[in-house]
Amino acid sequence: MDASLPHQVYLKGDQIYTCNSCHAHLARNEDIISKVRLTATHSRSTHARHNKIRPIIILTYSLYKLQLLLFYKGFQGRHGRAYLFKNVQNITLGPKEDRILMTGLHSVADISCTICQSVIGWIYIYAFEEAQKYKEGKYIVEKAKISKENFWIQNE
């Protein structure tokens, strides 16, 4: 008996993120919760944006300033920048594990493309810190692991 091919969901819309390896549809642009946007609203954030910030300096900032700098750094994956999504399709979950990430201890599971099995990020299952609870049930997808497909505007 032949193993059947995995079922694939095709997303509708003009702005679709796909797997870099096999181009399976993963998410729509409107499913992004957080994406790095460097727009300053006051002088303190402008100052942080234009200066080189070293990790040792980040550790000496107050809690308020640390959160401000993490906003500008955006989300980080294993291979660089990442996006936080509320919904991702065509994925398989790996085993749950506790990881110490930049924002504290979280229970997470790696997510892989259902079609080619490439690990593209992880899902937050549980956040141990109250300030991080908003991430529960959300997905981190690494920018290096995805491509944009269809009709994207140049400044996206």
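Refer to the preceding data block for the structure.
Note that the coordinates shown come from a computational prediction; the quantities given were computed from them, not determined experimentally. By convention here, each chain's residues receive numbers from 1 onward along its written sequence. Note on the predicted model: pLDDT of at least 70 is required for a residue's local features to be given, and 80 or more for side-chain atom pairs to be given and counted; whole-chain, interface and lining totals, by contrast, use all residues. The basis for every side-chain value is the complete set of heavy atoms in the structure, and neither hydrogens nor water enter the calculation.

Colleague: Sorry, what's going on with the packing of aromatic side chains here?
Modeller: To describe a pair of aromatic rings, you give the distance between the ring centres and the angle between the ring planes. Each Phe, Tyr or Trp ring, with Trp reduced to its six-membered ring, pairs with another whose centre is within 6.5 Å; inter-plane angles below 30 degrees give stacked pairs, above 60 give edge-to-face pairs, and intermediate values give tilted ones. Scanning the entire structure with this criterion turns up five aromatic pairs. Ring geometry for Tyr83 versus Phe85: centroids 6.3 Å apart, planes at 65°, classification edge-to-face. Categorising residues by exposure relies on relative accessible area from a 1.4 Å probe, with only protein chains included: less than 20% of the type maximum marks a residue as buried, more than 50% marks it as exposed, and the intermediate range marks it as partly exposed. The class of Tyr83 is buried, set by a relative accessible area of 4%. Aromatic pair Tyr126 and Phe128: ring centres 4.8 Å apart, planes at 85°, arrangement edge-to-face.

Colleague: Can you walk me through a nonpolar patch on the surface in this structure?
Modeller: Together, Ile100, Leu105, Ile125, Tyr126 and Phe128 give the surface a local cluster of nonpolar side chains, amounting to about 470 Å² of exposed area. The numbering of helices and of strands both runs from the N terminus, where a helix is a DSSP run of H or I of at least 4 residues and a strand a run of E of at least 2. As for its placement among the helices and strands, Ile100 is situated in strand E6 (residues 91-101). Take Ile100: its relative accessible area is 73%, and that puts it in the exposed class. Patch membership requires over 30% relative accessible area and the absence of a salt bridge. Like charges are linked within 9 Å, and nonpolar side chains (Val, Leu, Ile, Met, Phe, Trp, Tyr) within 5 Å. Note on areas: Shrake-Rupley with a 1.4 Å probe; residue coverage comes only from the protein chains shown. By salt bridge we mean one thing: a side-chain nitrogen of Lys or Arg within 4 Å of a carboxyl oxygen of Asp or Glu.

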